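Read off the chains here:
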Amino acid sequence: MTVQKNAYIVMDTETSGFTKLVFDFGWTTIDKRGNVLGSGDYNFLDVVATEKPYFWKKISGYAKRQRKGEHKVTTFAIGQRLFNMHVAHLKAQGYRVILAAYNAAFDVRALGITAKRMKTGERFMRHSVELLDIWGNWASSAPKAYTAPPTASGKFYSTSAENVYKFEMQMPEFVEAHTAKADTKIEAEILLKTLRRKKRLHIVKNPANFQTRIWEKFTIEKDAAHG
């Protein structure tokens, strides 16, 4: 019996500021060893024309990357089709396809909202895949020595992708790009760190089953590490 290999599609979205429409979508697909099996990097002009991006000041940077051939500008419908073609290709090669993101509930929800708003269907996905939240799975195996700046409430250590990456890679000066494709690269590294700890993964078929209130595992306690 052939053992099915996992393909982790690490995706990220950047959205508009109001209804969270996806205007920037990127993915990096890896296996458990970190070998890259595919990638995508797209801006959606029709979404940008519909609602102002949250990080609108980054638009000029996207244009520069497009001129260098590093980034493609298209419509949401074409990006959706290309992504689903990538999923179909992986399945045809015999991979178990796992869609992963850091705070995956946000990205999955945003893609669904955008598909409905741009009238490309009730669902973004055209194929059945499993889902993995990198944030929740990392938290379940996080080093007890983890530390980071506090959240706004002052009650918890921040577990943003940027702060987790800083800690895991020992790169205190690192600043997250907040562009989709670039962010998938750091999120893939966090996923690989998690996989190497060989803890049981929380993989679901329905976004409703993602872990919740993850930050509560990282309470700041006086003279004590988080549990």
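In short, a report on the structure. Here the structure is a predicted model, which is why all the values come from computation and not from measurement.

### Structural notes on the overall build of the protein chain
Counting its secondary structure elements, the protein chain contains seven helices and seven strands. For the protein chain, the sequential pattern of α-helices and β-strands runs β-β-β-α-α-β-α-β-α-β-α-α-α-β. When burial is assessed residue by residue, the protein chain has 46% of its 227 residues classed as buried. Sequence separation of at least 24 residues holds for 72% of the intrachain contacts in the protein chain that already meet a minimum separation of 6. Carbon and sulfur atoms form 53% of the exposed surface of the protein chain, whose accessible area is close to 12,300 Å².

### What about the sheet that holds strand β7 (residues 203-204)?
Spatial ordering of the open sheet is given by β4-β3-β2-β1-β5-β6-β7, a layout of seven strands whose pairing is mixed. The sheet terminates laterally at β4 (72-74) and β7, the two strands that pair on one side only. Of the pairings in the sheet, the one linking strand β5 (residues 96-101) to strand β6 (residues 130-133) comprises four bridges and is parallel in character. In the strand pairing of β6, Ala101 is matched with Asp133. Contacting β1 (6-15), β2 (22-30), β3 (36-44), β4 and β5, helix α3 (residues 76-92) crosses the sheet at an angle of about 15° to β2. Strands in contact with helix α7 (residues 180-196) are β1, β2, β3 and β6; relative to β1, the strand with the most contacts, it is inclined by about 140°.

### Considering the nonpolar core
Of all hydrophobic cores here, the largest spans 29 residues; its most connected members are Ile9, Phe25, Phe76 and Phe83. When contributions to this core are tallied by element, the ones reaching two or more residues are β1, β2, β3, α3, β5 and α4 (104-117). Excluding anything up to four places from it in sequence, Phe83 contacts Ile9, Phe25, Trp27, Leu99, Phe124 and Met125. In terms of nonpolar packing, the next biggest core, distinct from the first, is built from 28 residues, Tyr8, Ala142, Ala188 and Leu191 among them.

### Concerning α4
Count 3.6 residues to each turn of an α-helix, and residues three or four apart come out pointing the same way. The terminal C-alpha atoms of α4 lie 20 Å apart, and with 14 residues this matches the ideal 20 Å at 1.5 Å per residue to within 8%. By the burial criterion, the buried members of α4 are Ala104, Asp107, Ala110, Leu111, Gly112, Thr114 and Ala115. Positive backbone phi, at 60°, marks Lys119, one or two positions downstream of α4.

### So, the pairing of β3
Direction of pairing for β2 relative to β3: antiparallel, over a ladder of seven bridges. From the neighbouring strand, Thr29 faces β3, where its bridge partner is Gly38. The hairpin formed by β2 and β3 contains five residues between the paired strands, and Gly34 there has a positive phi angle of roughly 95°. As defined by bridge partners, β3 adjoins β4 across three bridges and the pair is classed as parallel. Bridge pairing links Tyr42 to Lys72 in β4.

### Notes on the pattern of salt bridges
Counted by the stated rule, this structure contains six salt bridges. Among the salt bridges present, the one from Glu162 reaches Lys166, with a minimum N-O distance of 3.8 Å. Remark: Lys166 and Glu162 occur in helix α6 (residues 161-169); sequence separation between them is four residues, near one turn of the helix. In this structure Glu162 comes out as buried when scored by relative accessible area, which is 19%. Two residues, Glu168 and Arg197, come together in a salt bridge whose shortest N-O distance is 2.8 Å.

### Focus: α7
Across its 17 residues, α7 extends 24 Å between first and last C-alpha, which sits within 8% of the 24 Å expected from 1.5 Å per residue. Within α7, 12 of the 17 residues are buried, which leaves the element mostly enclosed by the surrounding structure. Where α7 is concerned, the buried positions are Ala180, Lys181, Asp183, Thr184, Ile186, Glu187, Ala188, Ile190, Leu191, Leu192, Thr194 and Leu195. Phi for Lys198, located one or two positions after α7, is positive at around 55°.

Here is what the cut-offs are and how they apply
Residues numbered from 1 in each chain as written. Predicted model: local features only at pLDDT ≥ 70, side-chain atom pairs only at ≥ 80, totals over all residues. Heavy atoms only, no water. Helix = DSSP H or I, 4+ residues; strand = E, 2+ residues; numbered from the N terminus. Buried < 20%, exposed > 50% of the residue type's maximum accessible area, 1.4 Å probe, protein only. Contact = heavy atoms within 4.5 Å. Areas by Shrake-Rupley, 256 points an atom, 1.4 Å probe, with all protein chains shown as cover. Pairing = 2+ DSSP bridges. Axes fitted to C-alpha atoms, helices over the stretch in contact; angles between N-to-C directions. Core = buried A, V, L, I, M, F, W, Y, C linked by side-chain atoms within 4.5 Å. Expected span 1.5 Å × (residues − 1). Salt bridge = Lys/Arg side-chain N within 4 Å of Asp/Glu carboxyl O.

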